Amino acid sequence: MNAMNSNSPRLVAMNSLEQGPVADTLRRLFQEAEAADGKLMEEHSARGGAPEDYVGELVESEKKDLRGTYRAFADHFLNVSPEFGRMLYLCARARNAQRIVEFGTSMGISAIHLAAALQDMGRGGTLIGTELEPGKVQRARANIEAAGLGERVEIREGDARDTLTQLPGEVDMVHLDGAFTLYMPILKLIEPHLKIGAMILAENAYEQAGDYLAYVRDPSSGYGSLPLPFEQWRGNEFTVYLGR
Ligand SMILES: C[S@@+](CC[C@H](N)C(=O)[O-])C[C@H]1O[C@@H](n2cnc3c(N)ncnc32)[C@H](O)[C@@H]1O
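These figures come from a predicted structure and were not determined experimentally.

Peer 1: Teacher, can you tell me more about helix H9 (residues 183-190) here?
Peer 2: It helps to recall that an α-helix has 3.6 residues per turn; residues three or four apart then point in one direction. Inspection of H9 places Tyr183, Ile186, Leu187 and Ile190 among the buried residues, and these make up the whole buried set. Buried residues along H9 cover an arc of 100° about the axis, so they all sit on one side.

And the structure:
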């Protein structure tokens, strides 16, 4: 076989997180996120208190007014860390993912990591992202275009409880990073489409927010699940659908 065959996915494969438009866009976005969210984080730490208190407040706020809660964060990124983004990228590649679903796209930082993995594998593939805030959808689309990943991503605007009722086929991987209290209903929408071995990476999966963790950690539900050993206060959970 000709090792220089440019159609070979092997030769397309590389890590676009390191250089080129994906890396440049992510560098810019992490800087913008720091500028936009830094004050929020400072205010939060100045208040003191444990992370659980903050989670509890957000859960109560979501229960009262979910749209209003996230409207208040319309200009904030609330993004994954570079480490978690790298984890998403590596999992998508290890899974050879072709279809990925993301709940909570915000300005597109996590989506860019996932779509970069699809692009780098050179076999097509699609990320279906979902975002409630129209302004964030526009910004995410522009950021994804700037990273050169527009063809790999469809962002559905609106409440994921509505926008994810229709999925075009099997799902290899899921990223849960939207309203804390909705992980269970969103998983239930996607569950019929999960391939055996599908990976689900959740950020902000907290026991106070509902029954998601209890469900995926119960082997009789058909999953294997464990907390990730980094940034534990962020509620990072790694789950694999093992089938029933
Ligand atoms: C933590 S941020 C997502 C960050 C993003 N994954 C990243 O790393 O850049 C959560 C996002 O979920 C969105 N969201 C919350 N509830 C939603 C819902 N029901 N449907 C769709 N998006 C929702 C919020 O507007 C917010 O932008």
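Text resumes after the structure shown.
Peer 1: What is the right way to look at the site of the ligand in this model?
Peer 2: Lining the immediate surroundings of the ligand are 23 residues, of which Asn79, Gly104, Ile109, Ser110 and Ala179 lie closest. Secondary structure elements with two or more residues in the shell around the ligand: helix H6 (109-121), strand E2 (126-131) and helix H8 (160-163). In the shell around the ligand, the residues fall into 10 nonpolar, seven polar and six charged.

Peer 1: Looking at this structure, I do not really get the sheet that holds E2. What am I missing?
Peer 2: Paired through their backbone hydrogen bonds, the strands of a sheet run either parallel or antiparallel. Reading across the sheet, the seven strands line up as E3-E2-E1-E4-E5-E7-E6 and stay open at both edges, with mixed pairing between neighbours. Looking at strand neighbours, the two that pair on one side only are strand E3 (153-157) and strand E6 (223-227), the edges of this open sheet. Strand after strand, the sheet turns through a mean of 15° between neighbouring axes, direction not considered. Looking at chain direction, strand E5 (residues 194-202) and strand E7 (residues 237-241) are connected through four bridges and run antiparallel. Considered in E7, the bridge of methionine 199 is made with valine 240.

Peer 1: I would appreciate a short explanation of unusual backbone geometry in the present structure.
Peer 2: The bulk of non-glycine residues show a negative phi, and the bulk of peptide bonds are trans. Notably, asparagine 96 is not glycine yet its phi reads approximately 55°, a positive angle. Within the secondary structure, asparagine 96 sits in the loop between helix H5 (82-94) and strand E1 (99-103).

Peer 1: Which parts of the structure should I look at to understand the pairing of strand E4 (residues 171-176)?
Peer 2: Successive residues of a regular strand alternate their side chains across the two faces of the sheet. Of all six residues making up E4, six are buried, and the element is well covered by its neighbours. Of the strand pairs in this sheet, E1 and E4 are connected by four bridges, and their pairing is parallel. Residue pairing across strands places phenylalanine 103 opposite leucine 176, the latter belonging to E4. The pairing of E4 with E5 spans five bridges and is parallel. Across the sheet, histidine 175 pairs through a bridge with leucine 201, a residue of E5. Assessed by its sense of winding, the connection that carries the chain from E4 through H9 to E5 is right-handed.

Conventions and cut-offs
Residues numbered from 1 in each chain as written. Predicted model: local features only at pLDDT ≥ 70, side-chain atom pairs only at ≥ 80, totals over all residues. Buried ≥ 20, exposed ≤ 12 C-beta atoms within 10 Å, placed from the backbone. Helix = DSSP H or I, 4+ residues; strand = E, 2+ residues; numbered from the N terminus. Arc of directions from axis to C-beta. Near = placed C-beta within 6 Å. Nonpolar A, V, L, I, M, F, W, Y, C, P; charged D, E, K, R; others polar. Pairing = 2+ DSSP bridges. Axes fitted to C-alpha atoms, helices over the stretch in contact; angles between N-to-C directions. Right-handed = clockwise from strand over helix to strand, strands pointing away.

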